[in-house]
Amino acid sequence: MNNQFTRRRFLAAATATGVRLMLPRGLAAVEKPARVTICNPLLRTPLSLIIDDSCPVINKAYYWIKQRHDWRLRHHPNSRPSGWEKHYDKLNLMPNTIPAAFAEQWAQWCAEQGIKGKFSMIPFPAGVGRIDKGFPGFPPGELTEWLRVTKEIIWKNFDLTPEMLTHTRVVDLKTWQLTEEWEQGAWVDPPVELLTDYIATAMQLLKNVGIACEGVTSPGVFGKRKEAAYARAVLDAALQVNNNPRPFYFLWLKHGELPDVPIWHADKAKGVAVASIVSCAGDWFGATGYDVADPDLFITKDLHGGRLPAVLAKQRPCVLVGHWPCFYVNEQVGFKVLKEVKRRLDAYDPDKTRTLWMKNSEIGHYWMARQLSELRVQEDAKGQQRSIHITTKYPTDNFTVKVHDWAAHRARVNGTDLRQVKSQRDFRSGVFLVEGKETCVAFDLPIGETIVTVSR
Ligand SMILES: [Zn+2]
């Protein structure tokens, strides 16, 4: 059963990236297509958990709903509430704060479970307080604790990103006052000339408390109508603030089509690019705590139905999204869904041969390496040794290549022998695996040139 599955996966992955075999000069100039394939990392499908709307101290949903309600009455008094504002009547049920002690408990559980992903850290949430200056009206110890938990526990397994500055109204950077525009309203089509500064400011506030963020999260549809300019601004801001040449952003949820990892603004000579991390599922954890919360929409009890098995079957990055408030409010409704979904994902992949939890940045870096590295394949005249020359400025862990129609008895990376393993269960970076006529090799890919040699 397992072997059959592995076999199917190999065949599907083989169609992803074909590399032509270049015969050495002097031999017949025949090019054979698709002799080497770059596969998913360690032949496993990435899983990742995105947490949105998280911030220190406050429950952002509470303030978002309040501010949206007040704003609508000021500007469109005859309109009906939409989105989360429809929960205005439940504000008395929602706490306005989420304690650091809960974040610690949540993050420790995720760490024990091996869950990885991205955790937003909104730097000036709802304009209530700046992460680098404090939250007036709240005990100062809470911010200190939040920063400790974020940096010491959450950051180990989750990338940290701003979700722009407030996730409610746009900030006038000259006065630090909130304007009447919304980050996810008017700035769906943002003023391009202000964009890099705005994003860089969000990153800088995190940097002021010792967090060099790995990317950014769009509050709602922020930037969506000018994605190319938005992606450019994220890259420029990441370079400017954190000297990070390969950041990511999270903007898209795609329920109806297969997710991919689009790479924008690649400059191969400089090794810069920005990845768009796309989620494949809706927030069925409960969002505010009072929205749809249903593990079956992710993966049904029999492990066949729901969105995730469909995406995993196609071996596409399987990125889940949950909004932070639901994990705490309404008796931790979202946390209960997460625990159930994780139990089912573990049952789906009991020996951990099919899936691999990754941070968003790790997925971004892998797909950059996959799409932007140069591969050249050479075979010796006797047909006993094949060399794959990889040149890249896009490093990644767990780079995995498959050599087709080539059962190797020896594999080396830059002259160093790799250990052979007999099953997918043991397949990790620094080993090779032969299955039938195919050889898979996994290693950490550095900047520069790497030579993989497989001999038979
Ligand atoms: Zn959000």
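Here, every reference points to the structure presented above.
Residues numbered from 1 in each chain as written. Predicted model: local features only at pLDDT ≥ 70, side-chain atom pairs only at ≥ 80, totals over all residues. Heavy atoms only, no water.

**Student:** Mind laying out the overall build of the chain, listing which residues take part and the relevant values?
**Tutor:** If you tally the helices and strands in the chain, you get 10 helices and 22 strands. On C-alpha atoms alone, the chain measures out to a radius of gyration of 24 Å, which is about the 23 Å that the 2.2 N^0.38 rule sets for 456 residues. The principal-axis extents of the C-alpha atoms in the chain amount to approximately 80 × 50 × 40 Å. Here the chain, with 456 residues, has 56% of them falling under the buried criterion. In the chain, the proportion of contacts linking residues at least 24 apart, taken out of those at least 6 apart, comes to 75%. In the structure as shown, the chain presents an accessible area of about 18,600 Å², 51% of it carried by carbon and sulfur atoms. Distance from the positive charge centre (60 side chains) to the negative charge centre (49 side chains) of the chain: 6 Å. (Helix = DSSP H or I, 4+ residues; strand = E, 2+ residues; numbered from the N terminus. Rg over C-alpha atoms; globule rule 2.2 N^0.38 Å. Buried < 20%, exposed > 50% of the residue type's maximum accessible area, 1.4 Å probe, protein only. Contact = heavy atoms within 4.5 Å. Areas by Shrake-Rupley, 256 points an atom, 1.4 Å probe, with all protein chains shown as cover. Lys, Arg positive; Asp, Glu negative; His and termini not counted. Charge placed at Lys NZ, Arg CZ, Asp CG, Glu CD.)

**Student:** How would you summarise the environment of Arg344 if you had to cite specific residues and measurements?
**Tutor:** Examined against the element boundaries, Arg344 turns out to sit in helix H9 (residues 324–348). The spatial distance from the C-alpha of Arg344 to the C-alpha of Gln108 is 20 Å, given a sequence separation of 236 residues. Not counting residues up to four positions away in its chain, the partners in contact with Arg344 are Pro295, Asp296, Ile299, Thr300, Lys301 and Leu303. A distance of 2.6 Å separates a polar atom in the side chain of Arg344 from a polar atom in the side chain of Asp296. There is a polar contact of 2.8 Å between the side chain of Arg344 and the backbone oxygen of Ile299. (Polar contact = N/O pair within 3.5 Å; in protein donor to acceptor, adjacent residues only side chain to side chain.)

**Student:** Go over the sheet that holds strand S10 (residues 263–267), please, and point to the residues and values.
**Tutor:** Taken together, the 4 strands give an open sheet; going across it, the order is S8-S9-S11-S10, and neighbouring strands pair in mixed fashion. Two strands lie at the open edges of the sheet, namely strand S8 (215–217) and S10, each paired on one side alone. When the angles between neighbouring strand axes are averaged without regard to direction, this sheet yields 25°. Where strand S9 (residues 248–253) and strand S11 (residues 272–279) come together, 4 bridges link them in parallel fashion. Across the sheet, residue Phe250 finds its bridge partner in S11, namely Ile277. Along the sheet face, helix H6 (residues 227–242) touches S8, S9, S10 and S11 and points at about 150° away from the line of S9. (Pairing = 2+ DSSP bridges. Axes fitted to C-alpha atoms, helices over the stretch in contact; angles between N-to-C directions.)

**Student:** Go over the side chain of Arg68, please, and point to the residues and values.
**Tutor:** In this structure, Arg68 sits in helix H2 (residues 60–75). At 5.1 Å, Glu85 is the nearest oppositely charged side chain to Arg68, a buried residue that forms no salt bridge. Aside from chain neighbours lying at most four places away, what touches Arg68 is Glu85 and Trp182. (Salt bridge = Lys/Arg side-chain N within 4 Å of Asp/Glu carboxyl O.)

**Student:** I'd love a proper account of H6, names of residues and values included.
**Tutor:** Helix length check: H6 (16 residues) gives 22 Å between terminal C-alpha atoms against 22 Å at 1.5 Å per residue, within 8%. Among all positions in H6, only Glu227, Tyr230, Ala231, Ala233, Val234, Leu235, Ala237, Ala238, Val241 and Asn242 are buried. Residues of H6 that are buried sit in contact with helix H5 (192–208), S8, S9, S10 and S11. Just beyond H6, the residue with positive phi is Asn243, at close to 50°. (Expected span 1.5 Å × (residues − 1).)

**Student:** Explain the coordination of the zinc ion to me, and be specific about the residues and the numbers.
**Tutor:** Coordination of the zinc ion by the protein comes from Asp53 (OD), Glu163 (OE) and His167 (NE2), over a distance range of 2.0 to 2.1 Å. Sequence spacing among the residues donating to the zinc ion works out to D-x109-E-x3-H. Here Glu163 lies in the loop between strand S5 (158–161) and strand S6 (169–172) and Asp53 lies in the loop between strand S3 (45–52) and H2, a separation of 110 residues in the sequence. Accessibility assignment for this pair places Asp53 and Glu163 in one class, buried. (Donors = N, O, S within 2.8 Å, 3.2 Å for Na, K, Ca; no water.)

**Student:** With reference to specific residues and values, describe the pattern of salt bridges.
**Tutor:** In this structure the tally under the stated criterion is 24 salt bridges. The residue Asp405 makes a salt bridge to Arg35 at a minimum N-O spacing of 3.6 Å. On the criterion of sequence distance, the pair formed by Asp405 in the loop between strand S16 (396–403) and strand S17 (410–413) and Arg35 in strand S2 (residues 32–38) is long-range, its members being 370 residues apart. The class of Asp405 is partly exposed, set by a relative accessible area of 38%. The class of Arg35 is buried, set by a relative accessible area of 15%. Connected via shared salt-bridge partners are Glu104, Glu145, Arg148 and Glu152.

**Student:** Now, about the packing of aromatic side chains: what can you tell me, with residues and values included?
**Tutor:** Per the counting criterion, the structure on display carries 28 aromatic pairs. Taking 5.9 Å as the distance between ring centres and 35° as the angle between the ring planes, the aromatic pair formed by Trp187 and Phe222 counts as tilted. Residue Trp187 is found in the loop between strand S7 (177–182) and H5, and its partner Phe222 is found in the loop between S8 and H6; the two are separated by 35 residues along the sequence. Pair check on accessibility: Trp187 and Phe222 agree, each one buried. (Phe/Tyr/Trp six-rings, centres within 6.5 Å; stacked < 30°, edge-to-face > 60°.)

**Student:** Describe the pairing of strand S22 (residues 448–455), and please don't skip the residues or the numbers.
**Tutor:** With 8 bridges joining them, strand S15 (residues 385–392) and S22 adopt antiparallel strand pairing. Residue pairing for S22: Ile390 is matched across the bridge by Thr450. As judged from the 4 bridges shared by S17 and S22, these two strands associate in the antiparallel manner. Looking across to S22, one finds that Ala411 is bridged to Val454.

**Student:** Give me the packing of H5 against H6: which residues, what numbers.
**Tutor:** With their axes 8 Å apart at the nearest point, H5 and H6 run at an angle of 40° to one another. Taken together, the axis directions place H5 and H6 in an arrangement best described as oblique. Crossing angle aside, the handedness with which H5 passes H6 is right-handed. In contact with Val192, Leu195, Thr196, Ile199, Ala200, Met203, Gln204 and Lys207 of H5, H6 contributes Ala229, Tyr230, Ala233, Val234, Asp236, Ala237, Ala238, Gln240, Val241 and Asn242. (Parallel < 35°, antiparallel > 145°, perpendicular 65-115°, else oblique. Left-handed = near helix turned anticlockwise from the far one by under 90°.)

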